[in-house]
Amino acid sequence: SEMFGFGISMMWYSSTIAALWYGLFGRMQYGLIGINDVVAILWGTMGVQVGIELKTDPSKIAPTQLALIAVSTLMTGACSIAFGKLGLGKLMLLFPAPVTSGFIGSIGLFIFKSSLQIASGVKFRYLWPDDFTQFRSPQSIGRVCCMFGMLFFIWYAPPLLNKAF
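The structure displayed is predicted, hence computed values, not measured ones. (Residues numbered from 1 in each chain as written. Predicted model: local features only at pLDDT ≥ 70, side-chain atom pairs only at ≥ 80, totals over all residues. Heavy atoms only, no water.)

Participant: Please set out the packing of helix H4 (residues 97–120) against helix H6 (residues 138–164) residue by residue, giving values where relevant.
Facilitator: Interhelical geometry of H4 versus H6 gives an angle of 130° and a closest axis separation of 8 Å. On the basis of the axis angle, H4 is oblique to H6. Considering the relative orientation of H4 and H6, their crossing is right-handed. Contacts between H4 and H6 pair Phe 112, Ser 115, Leu 116, Ala 119 and Ser 120 from the former with Ser 140, Arg 143, Val 144, Met 147 and Phe 148 from the latter. Among the residues forming the contact of H4 with H6, the class breakdown is six nonpolar, three polar and one charged. (Axes fitted to C-alpha atoms, helices over the stretch in contact; angles between N-to-C directions. Helix = DSSP H or I, 4+ residues; strand = E, 2+ residues; numbered from the N terminus. Parallel < 35°, antiparallel > 145°, perpendicular 65-115°, else oblique. Left-handed = near helix turned anticlockwise from the far one by under 90°. Contact = heavy atoms within 4.5 Å. Nonpolar A, V, L, I, M, F, W, Y, C, P; charged D, E, K, R; others polar.)

Participant: Could you give me a rundown of the confidence of the model for the protein, with the residues and numbers involved?
Facilitator: Per-chain confidence: the protein averages 79 in pLDDT, with 81% of residues scoring 70 or above. Taken element by element, the protein is modelled with least confidence in helix H1 (residues 2–25), mean pLDDT 66, and with most confidence in helix H5 (residues 132–135), mean pLDDT 92. (pLDDT = per-residue confidence, 0-100.)

Participant: Account for H4, naming residues and giving values.
Facilitator: The terminal C-alpha atoms of H4 lie 34 Å apart, and with 24 residues this matches the ideal 34 Å at 1.5 Å per residue to within 8%. Those residues of H4 not exposed but buried are Ile 111, Lys 113, Ser 114, Leu 116, Ala 119 and Ser 120. Looking one or two residues beyond H4, the residue adopting positive phi is Gly 121, at roughly 80°. (Expected span 1.5 Å × (residues − 1). Buried < 20%, exposed > 50% of the residue type's maximum accessible area, 1.4 Å probe, protein only.)

Participant: Account for the state of the cysteines, naming residues and giving values.
Facilitator: Evaluation of the coordinates by the stated rule reveals zero disulfides. Free cysteine Cys 146: the closest other cysteine sulfur is in Cys 145, separated by 7.2 Å. Cys 146 sits in the exposed class, given a relative accessible area of 58%. (Disulfide = S-S within 2.5 Å.)

Participant: I'd love a proper account of the packing of aromatic side chains, names of residues and values included.
Facilitator: Scanning all chains against the criterion turns up three aromatic pairs. Here the aromatic rings of Phe 112 and Phe 148 are separated by 6.5 Å at their centres, their planes lie at 55°, and the arrangement is tilted. Linking Phe 112 in helix H4 with Phe 148 in helix H6, this pair joins segments that are 36 residues apart in sequence. (Phe/Tyr/Trp six-rings, centres within 6.5 Å; stacked < 30°, edge-to-face > 60°.)

Participant: Help me get a handle on the side chain of Ser 72, residues and values and all.
Facilitator: Secondary-structure assignment places Ser 72 in helix H3 (residues 61–85). Polar contacts involving the side chain of Ser 72 include one to the main-chain carbonyl oxygen of Ile 69, which spans 3.0 Å. Non-local contacts of Ser 72, meaning those with residues more than four positions away in its chain, are made with Trp 43 and Met 46. (Polar contact = N/O pair within 3.5 Å; in protein donor to acceptor, adjacent residues only side chain to side chain.)

Participant: Go over the pattern of salt bridges with me, naming the residues and quoting the values.
Facilitator: According to the stated counting rule, one finds two salt bridges in the structure shown. Of the charged contacts in the structure, one is a salt bridge between Lys 60 and Asp 57, with a shortest N-O distance of 3.6 Å. With relative accessibility at 26%, the residue Asp 57 sits in the partly exposed group. Among the salt bridges present, the one from Asp 130 reaches Arg 125, with a minimum N-O distance of 3.9 Å. Exposure remark for Asp 130: the relative accessible area of 43% places this residue in the partly exposed category. (Salt bridge = Lys/Arg side-chain N within 4 Å of Asp/Glu carboxyl O.)

Have a look at this one:
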């Protein structure tokens, strides 16, 4: 399960590189480059599976994970371009709003649980920790508070900085 953090780290690095590349070479005046939590969870899950499969040869785990990230990134880009060129984006409008809302809501719950699990270092079952004693430890509570502090900063700091400058 230590590879889950590796997958998350690779997502942060790739997003940082993408943001720098867009900032330097992008032609649009405004753009949004955000971290995609679903991709981070996917890469983290792949990292766990790679770790399980290659536990007898740990030297192959990181290169295999990096190769999986590269291939999944290239495939996602190729599929996005192909779907756009074929005009398949219109098919998304055929999904009823409750289906789309339910899917997005379930992803939100999964991301919330995963972020609490990663921040606290405690395994979760559904939406509660397996070990409440470990979850209430000062280290775990401190990391969770830092996570919520970061969320608070991301939410409220930009409008304050916009007013200041």
